[in-house]
Amino acid sequence: MDCDKCGNPAVMHAAYSGLHLCEKHFCRSVEKRVRRRIREDALLSPDATPDDPETWVVGLSGGKDSVVLTHILHETFAKDPRVELLALTIHEGIEGYRDESVDACLDLVEALDLRHELVTYEEEFGLRMDDVAESDPLGMAPCAYCGVFRRDVLSRYATEFDADKLLTGHNLDDEAQTALMNVLEGDVAQVAKHFDASLGSFEERAEVEELVPRAKPLRDVPEKEVALYAHLKDLPAHITECPHASEAYRGEIQRLLLDLEENHPGTRHSIMAGYEELAGIAAERYRRGDGPEMRECERCGGATTRSLCRKCQLVEAVDAA
Ligand code: SF4
Ligand code: ZN
């Protein structure tokens, strides 16, 4: 098949749009979607100047998503002194796996000459995911602990670095899976959070939760396209799967969505379009004060609806095991 834009040999066919694209036009189309998201979700403040730039923290795990995000952000802002990028890598204490992906991060930040910080669960919480997976005091999937710890580290360090934005590499498939899981679990509070996290209203959210505003610039790009982009650009991404990856429910949803997408191209996009509208309605309700009240965690001071935040509950359970 030939590229619909220029007639050169196509490297991909997107069933949801019907387009065949060659390497050049495919890469351009990915970059265009990511930049549009940056403009819409992570708008640069008019107050940002070369003397007083914004700091954007990028969560860099070394996997294809975060490597592609960091690469495109760098290409976009390398010559714009109003934005300073800082890559933040988290080592969860997963032998073998994470050491290799940290190497991928180091290769990338060296090639792009980016500021880079490495944080470990060991130093932050006094634990390693290999041990947590083994002891598993609450009988959950390792990812259920790991995700809570990761969100905590990202938001605390974004605050510590005085970041203006926190960007992560979630792609369209990740987002559609999360949306479907929240709907199927009936978790309206999570649905409402999506609105604040992904659709602007940064100042409001930052004020309410004292959190650094966040954005997911890859959220319009399907996982397969992120992988193809990383491959075509020869980016140093680490592709092995984590040995503890066992979020069984997400796996089921992922298979379901892939089947649906195959039989009904465009399903992921339509899920997200509807979900955003629902999230807006849910968020509005919470803003009117119908939602749970936020207060400070007794131990760490983080924002929570309970006396102890989820992270402190989990650290306590792991310590007691
Ligand atoms: Fe953590 Fe699960 Fe990701 Fe492994 S797959 S790094 S355990 S969240
Ligand atoms: Zn806490």
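Just so you know, these numbers come straight off a predicted model, no measurement behind them. (Residues numbered from 1 in each chain as written. Chains lettered and ligands numbered in written order. Predicted model: local features only at pLDDT ≥ 70, side-chain atom pairs only at ≥ 80, totals over all residues. Heavy atoms only, no water.)

J.: Is there a simple way to explain the layout of surface pockets in this structure?
T.: Approximately 480 Å³ is the volume attributed to the second largest pocket. Lining the second largest pocket are 17 residues, and of these Pro-222, Lys-224, Leu-258, Glu-261 and Arg-268 sit closest to its centre. Counting only elements with at least two residues in the lining of the second largest pocket, the list comes to strand E1 (12–14), helix H10 (223–232) and helix H11 (248–263). (1 Å grid on protein atoms, 1.4 Å probe; cavity = no way out; pocket = protein on both sides within 12 Å on 5 of 7 lines; lining within 4 Å. Points joined across faces, edges and corners; volume = space filled by probe spheres on them. Helix = DSSP H or I, 4+ residues; strand = E, 2+ residues; numbered from the N terminus.)

J.: Quick question: what am I supposed to make of the side chain of His-71 here?
T.: Looking at the secondary structure, you find His-71 in helix H2 (residues 64–77). With residues near it in sequence (within four places) discarded, His-71 still touches Leu-112, Tyr-229, Lys-233 and Leu-235. (Contact = heavy atoms within 4.5 Å.)

J.: How do you make sense of the pairing of strand E4 (residues 83–91) when you look at a structure like this?
T.: Remark: a regular strand shows side chains that alternate across the two faces of the sheet. The buried fraction of E4 amounts to 8 of the 9 residues, a majority that puts the element mostly inside the structure. Alignment of strand E3 (residues 54–59) against E4, held across 6 bridges, turns out to be parallel. Note on E4: the bridge partner recorded for Glu-54 is Val-83. In terms of handedness, the path from E3 via H2 over to E4 forms a crossover that is right-handed. (Buried < 20%, exposed > 50% of the residue type's maximum accessible area, 1.4 Å probe, protein only. Pairing = 2+ DSSP bridges. Right-handed = clockwise from strand over helix to strand, strands pointing away.)

J.: Sorry, what's going on with a nonpolar patch on the surface here?
T.: A cluster of nonpolar side chains, Val-183, Leu-278 and Ile-281, forms an exposed patch at the surface whose accessible area comes to about 290 Å². Assignment of secondary structure puts Val-183 in helix H7 (residues 172–184). With relative accessibility at 45%, the residue Val-183 sits in the partly exposed group. (Patch = residues over 30% accessible without salt bridge, like charges linked within 9 Å, V, L, I, M, F, W, Y side chains within 5 Å. Areas by Shrake-Rupley, 256 points an atom, 1.4 Å probe, with all protein chains shown as cover. Salt bridge = Lys/Arg side-chain N within 4 Å of Asp/Glu carboxyl O.)

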